[in-house]
Amino acid sequence: MDQAGMATAIEVPLSIAPMMDRTDRHYRYMMRQITRHTLLYTEMVTAQAILHGDRDHLLGFTPSESPLVLQVGGDNPQMLAISARAAADFGYDAINLNVGCPSDRVRSGNFGACLMAQPDRVAEGVAAMMAASPLPVSVKHRIGIDDRDRYEDMANFVGTVAQTGCRHFTVHARKAWLQGLSPKDNRTVPPLRYGDVHRLKQDFPHLWIEINGGLTRLDQVRDQLGQVDGVMIGRAAYDNPYLFSEVDQSFFAANETALSRQQVAEAMLPYIDHWVRQGLKLNKITRHMLMLFAGQPGSRLWKQTLTEESCRPGAGVDVVRQALTAVQHQGEIQAQLGSLV
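Residues numbered from 1 in each chain as written. Predicted model: local features only at pLDDT ≥ 70, side-chain atom pairs only at ≥ 80, totals over all residues. Heavy atoms only, no water.

Now for the overall build of the protein chain. Of regular secondary structure, the protein chain possesses 16 helices and nine strands. Taking 20 Å as the expected radius of gyration for a compact globule of 341 residues, we find that the protein chain reaches 21 Å, a close match to that expectation. Here the protein chain holds 341 residues, and 55% of them are scored as buried. Per element, the accessible surface of the protein chain, about 14900 Å² overall, is 49% carbon and sulfur. The averaged location of the 36 negative side-chain charges in the protein chain is 4 Å from the averaged location of its 34 positive side-chain charges. (Helix = DSSP H or I, 4+ residues; strand = E, 2+ residues; numbered from the N terminus. Rg over C-alpha atoms; globule rule 2.2 N^0.38 Å. Buried < 20%, exposed > 50% of the residue type's maximum accessible area, 1.4 Å probe, protein only. Areas by Shrake-Rupley, 256 points an atom, 1.4 Å probe, with all protein chains shown as cover. Lys, Arg positive; Asp, Glu negative; His and termini not counted. Charge placed at Lys NZ, Arg CZ, Asp CG, Glu CD.)

To continue, consider the pairing of strand β7 (residues 168-172). Burial within β7 is extensive, with five of its five residues counted as buried. Of the two faces of β7, the one lined by His168, Thr170 and His172 and the one lined by Phe169 and Val171 are each fully buried. Bridging between strand β6 (residues 137-142) and β7 involves five bridges; their strand directions are parallel. Bridge pairing links Lys140 to Thr170 in β7. Bridge count for β7 against strand β8 (residues 208-212) is five bridges, and the pairing is parallel. Directly across from Val171, in β8, lies its bridge partner Ile211. (Pairing = 2+ DSSP bridges.)

All right, on to the nonpolar core then. Residues Leu70, Val126, Phe169, Phe244, Met289 and Trp302 are the most contacted members of the largest nonpolar core, which totals 105 residues. Not counting the four nearest positions on each side in its chain, Trp302 is found in contact with Ala265, Met289, Leu290, Leu292, Phe293, Val320, Ala323, Leu324 and Val327. (Core = buried A, V, L, I, M, F, W, Y, C linked by side-chain atoms within 4.5 Å. Contact = heavy atoms within 4.5 Å.)

Summarising burial for strand β4 (residues 68-73): six of the six residues are buried, a large majority. Alternating positions in β4 separate into two faces, Leu68, Leu70 and Val72 on one and Val69, Gln71 and Gly73 on the other, with burial throughout. Relative to β4, strand β2 (residues 40-41) is paired through two bridges, and the arrangement is parallel. Paired with Leu40 across the two strands is Leu68, which belongs to β4. With two bridges connecting them, strand β3 (residues 45-46) and β4 associate as parallel partners. Bridge pairing links Thr46 to Gly73 in β4. Alignment of β4 against strand β5 (residues 94-99), held across four bridges, turns out to be parallel. By the bridge assignment, Gln71 is partnered in β5 with Asn96. The parallel pair β4 and β5, bridged by helix α4 (residues 77-90), forms a crossover whose chirality is right-handed. (Right-handed = clockwise from strand over helix to strand, strands pointing away.)

This is the structure in structure tokens:
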């Protein structure tokens, strides 16, 4: 426990959000070539899957992905406790409970955003997780759901859960409509209410409050860090992964020089070769690399080559080298045209 009597938390200024079908181990390995210090999260894994499924497949990761948080979904304290013990056994740095996902499938299992209406249930689950392992436990939630969207509702939720000793709360600054909006629409349609998250930090100064939602630029991160403790970036981290090349020096006071985009791709080659030799299809990895050259000359050729060639039988690292050659050639053409102006 720290001096405030709270359980420890991973206190870093910037993280990448857990995203289904996005933040798998291959994406995370690529991001570690770009940023060494940003906190990474897994996709959400249900506590039931951890209990009954193939844990090596569900929870396995490469040590270089750390610091890494396992995000779980569930409402059963016993299952959540088992998940926390598994996370510790596998070497995760922390575990996070999803109280923000609005999908019908998640809601039918009584976890995700619908649990904001059951703060005592969430507190019971968090307490079980904290008792089951030494890992820091955090909660990712919305500012509200449906008609329970007053600031007071969120403050009551956080206050109730914080009584367990949980210190770290990541707040998606949009409410979730559990009826009538798809998960995709719930990421964009409800208005952002950053002020509610800022107020939460003011009212709970002893907690680590992290803000999430609609943040796509590093200058926005700097602005938010004047109001809250941490910032979580979601879709922009996938659509423009090289955005994070400046992060280690700007937010973590690191001295390492960032790899270039080409160096990132080259650093992936041994990793890709390993997994392809294990029988993994190349596109399971390269699909996460499509936006590496976003906004750069040759980006279209890069994406086209990886998309078309990675699906072919026997595709391996030569496809990535071919795509890199196309990017380099396009860059040389652009440079020559620029010198003529």
